[in-house]
Amino acid sequence: MITIDTQNDFSLSGSKAEVAGTPDILPTMKELVQAYRQAQQPIIHVIRLYKEDGSNVDICRREAIEEGNTLVLPGSDGAELVDELKPSERSRLDDQLLLDGFFQQLGEHDWAMYKPRWGAFYQTRLEEFLIERKIDTLIFAGCNFPNCPRTSMYEASERDFRVVMTEDAISGVYDKGMEEMKNIGVSILSSKEIIKQINLAQ
């Protein structure tokens, strides 16, 4: 399972960059990650970190960060995963390790990784991580479908992974987008369908 950008600054009601619909999907995401942990299946939490000087920020957001708007700032509470997804209350991101391109193990079955742009595979070690573990199927959930989840699913499809989109655990989903996903071979399932399959496989 891959969660995308489900961090406090993007995901909590009233947060500085709340993505509409994300607070509503957090209970569903929590159920999914709990089912994955119970099945002892890997979960990768993909996150963004914006340095205060804007040096690693997308061009479309860089000016705002350079002008002093902090967002998912390394070391801040806003950059942390939402509590619903953490394997334990003590889990905190190791910003330097992640910015250096390494995976951080957060729990027995949970890892975090940093992506520098929209897609989870762009200039990251994600493909290598998956191949080493003989993982061929990816279940996506998370924040803001039109941007990072959609891009990441396209990238996964390009690399011949089997891709599943969790329709009720991604914010910002719309009908045309789901049609586009189906056109590239992405399976679209509800969280209940996915959890049922996980339980049957145990």
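**What about the packing of aromatic side chains?**
Tallied over the full model, the rule gives four aromatic pairs. Taken together, a centroid distance of 5.3 Å and an interplanar angle of 75° make the contact between tryptophan 111 and phenylalanine 129 edge-to-face. In this pair, tryptophan 111 sits in strand β4 (residues 110–114) while phenylalanine 129 sits in helix α5 (residues 126–132), placing the two residues 18 residues apart along the sequence. Residues tryptophan 111 and phenylalanine 129 agree in their burial class; the two are buried. Here the aromatic residues Phe103, Trp111 and Phe129 are joined through ring pairs into a cluster of three or more. Arginine 48 extends its terminal NZ or CZ atom over the ring of tryptophan 118, reaching a point 5.8 Å from the ring centre.

**Re the packing of helix α2 (residues 22–38) against helix α8 (residues 191–201)**
Interhelical geometry of α2 versus α8 gives an angle of 10° and a closest axis separation of 10 Å. Put simply, α2 runs roughly parallel to α8. Where α2 abuts α8, its residues Thr28, Glu31, Leu32, Ala35 and Tyr36 lie against Ser191, Ile194, Ile195 and Ile198. For the contact of α2 with α8, the class distribution of residues is six nonpolar, two polar and one charged.

**Concerning the layout of surface pockets**
For the largest pocket, the calculated volume is near 490 Å³. For the largest pocket, the lining is made up of 22 residues, of which Tyr36, Gln41, Thr137, Ile139 and Ile198 are closest to its centre. Among the elements of the structure, β2 (43–47), β5 (137–142), β6 (162–170) and α8 are those that each provide at least two residues to the lining of the largest pocket. Residue contributions to the lining of the largest pocket peak at four residues, all from α8. Taken as a whole, the second largest pocket encloses approximately 150 Å³ of empty space. Surrounding the second largest pocket, Asp5, Phe10, Ala17, Val19, Arg48, Arg61, Leu71, Trp118, Cys143, Asn144, Asn147 and Cys148 form its lining.

**Some points on the nonpolar core**
Residues Ile44, Leu126, Leu130, Leu138, Met153 and Met165 are the most contacted members of the largest nonpolar core, which totals 27 residues. Of all the secondary structure elements, the ones that give two or more residues to this core are β1 (2–4), β2, β4, α5, β5, α6 (148–158), β6 and α7 (175–183). Once residues lying within four places of it in the same chain are set aside, the contact partners of methionine 165 are Phe140, Phe145, Met153, Ile170, Val173, Met178, Met181, Val186, Ser187, Ile188 and Leu189. Leu26, Met29, Ala35 and Val82 belong to the second largest nonpolar core, which has 19 residues in total.

**A short note on the side chain of aspartate 5**
Examined against the element boundaries, aspartate 5 turns out to sit in the loop between β1 and α1 (8–11). Residue aspartate 5 is classed as buried on the basis of its relative accessible area, which comes to 5%. Looking at aspartate 5, its side chain comes within polar contact range of the side chain of lysine 115, at 3.1 Å. The residues contacting aspartate 5, other than those within four sequence positions of it, are Phe10, Ser11, Val46, Ile47, Arg48, Lys115, Cys143 and Cys148.

**What about the pattern of salt bridges?**
Following the criterion strictly, the structure yields eleven salt bridges and no others. A salt bridge links lysine 115 to aspartate 5; its shortest N-O distance comes to 3.1 Å. In this pair, lysine 115 sits in the loop between β4 and α5 while aspartate 5 sits in the loop between β1 and α1, placing the two residues 110 residues apart along the sequence. Across the pair glutamate 132 and arginine 133 runs a salt bridge, and its minimum N-O distance is 3.5 Å.

**A word on α6**
Taken residue by residue, α6 has Cys148, Pro149, Ser152, Met153, Glu155 and Ala156 as its buried positions. The buried residues of α6 occupy an angular sector of 160° when projected down its axis, which confines them to one face. Turning to α6, the residues buried within the fold contact β1, β5, β6 and α7.

The rules behind each value
Residues numbered from 1 in each chain as written. Predicted model: local features only at pLDDT ≥ 70, side-chain atom pairs only at ≥ 80, totals over all residues. Heavy atoms only, no water. Phe/Tyr/Trp six-rings, centres within 6.5 Å; stacked < 30°, edge-to-face > 60°. Helix = DSSP H or I, 4+ residues; strand = E, 2+ residues; numbered from the N terminus. Buried < 20%, exposed > 50% of the residue type's maximum accessible area, 1.4 Å probe, protein only. Lys NZ or Arg CZ within 6 Å of the ring centre and 35° of its normal. Axes fitted to C-alpha atoms, helices over the stretch in contact; angles between N-to-C directions. Parallel < 35°, antiparallel > 145°, perpendicular 65-115°, else oblique. Contact = heavy atoms within 4.5 Å. Nonpolar A, V, L, I, M, F, W, Y, C, P; charged D, E, K, R; others polar. 1 Å grid on protein atoms, 1.4 Å probe; cavity = no way out; pocket = protein on both sides within 12 Å on 5 of 7 lines; lining within 4 Å. Points joined across faces, edges and corners; volume = space filled by probe spheres on them. Core = buried A, V, L, I, M, F, W, Y, C linked by side-chain atoms within 4.5 Å. Polar contact = N/O pair within 3.5 Å; in protein donor to acceptor, adjacent residues only side chain to side chain. Salt bridge = Lys/Arg side-chain N within 4 Å of Asp/Glu carboxyl O. Arc of directions from axis to C-beta.

So, to be careful, I would describe these as geometric facts and stop short of saying anything about function.
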